[in-house]
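# A closer look at the structure
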Amino acid sequence: MRAFIVWILILAPVAMPAQDRENTRPPSRPADVQSPAAQLPKIDLPEFVITGTATIDPPDVRKSTTDESGIYKRHPSENLPGMRDAGTVDLGERFRRSLFATGEVRDGFLTAKLGMFFTPSVGISYGVSSNSYDIHGRAEYTRTKGFARFTDASRGFLAAGGSLVLDHAGTVFHESRLDGEASYEIRRYKFYGSRRPSTQRERTVGDLQFGIASAVDAPQNYHARLEYRGLTLGDSSASVTENHVTLMAGSGIPVLEIPLEFSAALDLSTITAVAPVSLSLFRFSLLSVPFRWKKFSLSVVLNGFAVTGMNNQRGNYVYPEVRMRYRVSDNHAVILGYHPSVGYTTLREESFRQPYLSGVAVVRHPVDRLALSGGIESSWAAWMSTKLSATYRRTTDLPLYSDSADSGVGSFQYGGTTSILTVRADAVANITPNDYFAVAATANSTENDLTRASVPYIPGFEMSAFYRRILSSAFEASISLNAYTQRRASVTGPLTVPGGLWSGMKLEYTGIRGLRLFVAAENIFDRNDQAWKNYRVEPFRIDLGLSYRW
């Protein structure tokens, strides 16, 4: 029966007649094809308006996304966000859309689905915005009884926010935008691949933030922001609380009649397990106005950092940052960059990316003592863009995942200098008005000079591909494919995780205005791969669902 269903899903896009070739729907933005370490760079197609460092998306340009934030499919208990439907609107997106509209923009979205292993999911969002204000909210709930014992998991999420344009004529606050947002999320999942698989983790996070920014054309530009991020992490091994506050501000300042941009940010965290530990990072940046001459542009930044981390990490650093761009022709541009920096690591961020990390892991902040990048961006035609890029980093205090005892619960190990070379090729194409394709291929070479080992969970090669076809005025089909090679599972010891392949399909009915009905199949080849050592990915699954936008 399963094989029959799989063949139906595979053959459906082929068997359905292709109609409406002259569909007037605008070309899609490149798919957010992603990797474990970072989201793939977005390639801006010609319909996007680029002004300086800001990219503004015109309204109603549809986006295609893969299902997860990792290059390979993972089980819901692994603490990753679920699929975002192409019709959803991010919090704050309505204001950007309102810039292109007159009067109020009202937008609501409801989605629900139910899949095998009893995996119900429901989400709703609603917002109202205009040129002078914005109010929005969102709620989501997802759960699964899991595909095997101890793989059950659940997630709940609430968020609300708004913004207001200030009307104080004659002051620096005139037409400035004041905004705020609050959110709360709770996740529960088990360490189903560990030596104690029944251990349940409860991860609770809360956000609160406020900000103000001057109008785009204000004589004196400025911005300021205050953010709070809280984490409570509890399981049988630890109960940990992290409080993280970020304060940032910036403004334009003239120096010897040269316009410069000044910005500063302060991160402060306390992590409380047995005893409280404090971490901090102060960042200072002085940015020159980008220099442009014919087809060449150059920006120079002076960055300063003062950092403290666990185990007596202390450091003060001053690094220049240089980024260059040269347009070889109307269709091709070369980009080069030199950008060493200091990152800020939080337990919240790391426990999200690596859900089976111990709550008492040591947290230190990576220092990119050398960071180089370069690439070629090409627009071969109005319907096809490519990017070939390379980055090289030499980093100290990079968190290296360690589970040499193969317990299923990891920690961090530090030491030495880690070199990471990444070469990536991206391509996106609207082959016809009804066909959209995106592919990304990445090769990684990593090594730590102390352990003489590669960085855990970074594969030597990975690839993502996405294809969507509008079959008719009422049907769309899409196919996703993600592949990756063998990865080291711990910075010490011989543990490795074999490579894997994830595949998915989705067929949508869009014949009713605002309503989308879909059937989706995941891991259609029913592979027994592992995302993390001992943690198998979800087997073959089918979801039925709907989304409604108004």
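Figured I'd write up the structure that's included with this text. Here the structure is a predicted model, which means the values were calculated and not measured.

With that out of the way, let us pick up the environment of H223. Inspection of the secondary structure puts H223 in strand β9 (residues 222-234). Judged by its relative accessible area of 36%, H223 is partly exposed. Put simply, H223 and G252 are 29 residues apart on the chain and 9.7 Å apart in space, counted from C-alpha to C-alpha. Apart from residues no more than four positions distant in its own chain, H223 is found in contact with I212, A213, M248, A249 and G250.

We now examine unusual backbone geometry. One non-glycine residue with positive phi stands out, namely F150, at about 75°. Within the secondary structure, F150 is located in the loop between β5 (133-144) and β6 (153-165).

Position of D435 relative to the elements: it lies in strand β23 (residues 435-448). A polar contact of 2.6 Å, which involves the side chain of D435, links it to the side chain of R469.

Here we take up the packing of aromatic side chains. Summed over all chains, the structure comprises 20 aromatic pairs. Look at Y401 and W532: their rings are 5.4 Å apart centre to centre, the planes differ by 50°, and that puts the pair in the tilted class. A residue pair is termed long-range when its members are at least 10 positions apart, and Y401 in strand β20 (residues 400-402) and W532 in strand β30 (residues 530-532) qualify at 131 residues. Considering the side-chain rings of F412 and Y414, the 6.3 Å spacing of their centres and the 70° angle between planes classify their relative orientation as edge-to-face. In this pair, the class of F412 matches that of Y414, namely buried. In textbook terms, an aromatic cluster arises when at least three aromatic residues are bridged by ring pairs, as seen for F117, F147, Y189, F191, Y192, Y356 and Y535. The ring of F118 carries K145 above its face, with NZ or CZ at 5.6 Å from the centroid. Lying over the aromatic face of Y414, R364 brings its terminal NZ or CZ to 5.9 Å of the ring centre.

About the cut-offs
Residues numbered from 1 in each chain as written. Predicted model: local features only at pLDDT ≥ 70, side-chain atom pairs only at ≥ 80, totals over all residues. Heavy atoms only, no water. Helix = DSSP H or I, 4+ residues; strand = E, 2+ residues; numbered from the N terminus. Buried < 20%, exposed > 50% of the residue type's maximum accessible area, 1.4 Å probe, protein only. Contact = heavy atoms within 4.5 Å. Polar contact = N/O pair within 3.5 Å; in protein donor to acceptor, adjacent residues only side chain to side chain. Phe/Tyr/Trp six-rings, centres within 6.5 Å; stacked < 30°, edge-to-face > 60°. Lys NZ or Arg CZ within 6 Å of the ring centre and 35° of its normal.

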